[in-house]
Amino acid sequence: MRGGDEEGAAGRGPSRRAVIVAVGGLAAAAFLPGGAKAETRLPSTVRIYVPYGRGSVVAVTCDVLSAALSAALSRRIEIDIPPLPDRMQRSLTALADQGRGELRLLASDTLTHVMYDAAEASRKPNAAASLDILVPIATLTVGYSTALFVSADSPVRDWAAFAEMARGRQLTVASSNPGSVHLRFLELALGQGLRDVLAPGRERVFETVLEGRASAGLINTPSLASFMRANPGRLRALVTFGGERNPALDVPTLREVTGRRSYASTNSVGLFAPAGTAPDVVAQMHAALVAAAADKRVVQAAQAIGLPLQISDAADLALTVARDREVVVESGL
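A few points on the structure.

The rules we used
- Residues numbered from 1 in each chain as written.
- Predicted model: local features only at pLDDT ≥ 70, side-chain atom pairs only at ≥ 80, totals over all residues.
- Heavy atoms only, no water.
- Salt bridge = Lys/Arg side-chain N within 4 Å of Asp/Glu carboxyl O.
- Helix = DSSP H or I, 4+ residues; strand = E, 2+ residues; numbered from the N terminus.
- Buried < 20%, exposed > 50% of the residue type's maximum accessible area, 1.4 Å probe, protein only.
- 1 Å grid on protein atoms, 1.4 Å probe; cavity = no way out; pocket = protein on both sides within 12 Å on 5 of 7 lines; lining within 4 Å.
- Points joined across faces, edges and corners; volume = space filled by probe spheres on them.
- Nonpolar A, V, L, I, M, F, W, Y, C, P; charged D, E, K, R; others polar.
- Phe/Tyr/Trp six-rings, centres within 6.5 Å; stacked < 30°, edge-to-face > 60°.
- Lys NZ or Arg CZ within 6 Å of the ring centre and 35° of its normal.
- Arc of directions from axis to C-beta.
- Contact = heavy atoms within 4.5 Å.

Let us look at the pattern of salt bridges. As enumerated under the stated definition, the model contains 16 salt bridges in all. Linking Arg47 and Glu78 is a salt bridge whose minimum nitrogen-to-oxygen distance equals 2.7 Å. Separated by 31 residues along the polypeptide, Arg47 in strand 3 (residues 45–49) and Glu78 in strand 4 (residues 76–80) bring together distant segments of the chain. What makes Arg47 buried here is its relative accessible area of 5%. The partner of Arg76 in a salt bridge is Glu78, and the shortest N-O contact between them spans 3.3 Å.

Structure follows, in structure tokens:
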């Protein structure tokens, strides 16, 4: 169940958060397979649509990579976050329109995207799933988990106490993405609804919980572990959503406390191209991503914020999507 603030106005066109980096650096032709010197087919601008909040791992990943990716491609990189509501639909619609002299791509949380496709299939049974139409390029992160946490001042000290507090009440949970997958997992585990308080940005999620404007928060485990190291004694982790305990947090997983294996999940960020994108364009984008992720400044930025940055390939992204589809089916999301 959604609540809280809304980013942007529903009636406006896409609000553009452009990251424009001066063109320069290595030529894109140097990243063609086998060192070929063929002319690149990329236009002068690569626009990456991000259908999630500004503080989401997806948006942060794109921000961290943008300057180095621009240098690797010798192209301008723009990151576009459409306003609420229906960010995903706005992004997919924009992606289908390739007539403006730019390459449009989609960066997406694969598990959330699979859940979106499942919801669309229930509304439009004959429509093809968007992930069956898009062309995979690469995963941008390793699988990472999400954590449920409370303020250290909260009387809630563990999952059992959280479940007891939730009984008969509609608790508020802060997150960067309205209607998140993990909010839905919690609702399934508790057997009741929760109210999602939108807090765009990692610091906003923490602030919302610490200031008492939400009973609990949801955030990726690297961010929570990083915050707790820097601010000891301010927050308390309750559970994580991965298959194994996170050693930095050392709290039970949702699978442990509920006994439901299907509640174990991790998230990954994937980069997709529109249907019909040429294989050599996919190869150029992948090679440029690998080069960007190896840039010293990118490595330092990712380490500083606990971003699990790692570039794989299209085959790995396809396997990740297949894995997430199994999670959605088994869990009943």
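Space left empty within the atom packing is revealed by a probe, the size of a water molecule, rolled over the atoms. Enumeration over the complete set of coordinates arrives at one cavity of 30 Å³ or more. As a volume, the largest cavity reaches approximately 50 Å³. Contributing to the lining of the largest cavity are Ile48, Cys62, Leu65, Ser66, Leu69, Ile77, Leu140, Leu271 and Leu289. Split by residue class, the lining of the largest cavity holds eight nonpolar, one polar and no charged.

Applying the stated criterion across every chain, the model contains five aromatic pairs. On the basis of an interplanar angle of 35° and a centroid distance of 4.2 Å, the ring pair of Phe206 and Phe227 is categorised as tilted. With Phe206 in helix 7 (residues 202–210) and Phe227 in helix 8 (residues 221–230), this pair connects stretches of sequence that are 21 residues apart. Across this residue pair, the class does not change: Phe206 and Phe227 are buried. Pairwise contacts between aromatic rings join Phe149, Phe206 and Phe227 into one cluster. Seen from the ring of Tyr263, Arg260 lies directly overhead, with NZ or CZ sitting 4.8 Å from the centre.

Next up on the list: helix 2 (residues 87–96). Side chains of residues three or four places apart in an α-helix project in the same direction, reflecting 3.6 residues per turn. Every buried residue belonging to helix 2 is among Arg87, Met88, Ser91, Leu92, Ala94 and Leu95, and all of these are buried. In a view along the axis of helix 2, the buried residues occupy a sector of 160°, so they form one face of it. Looking at the packing, one finds that the buried side of helix 2 touches strand 3, strand 5 (102–109), helix 3 (110–123) and helix 4 (130–133).

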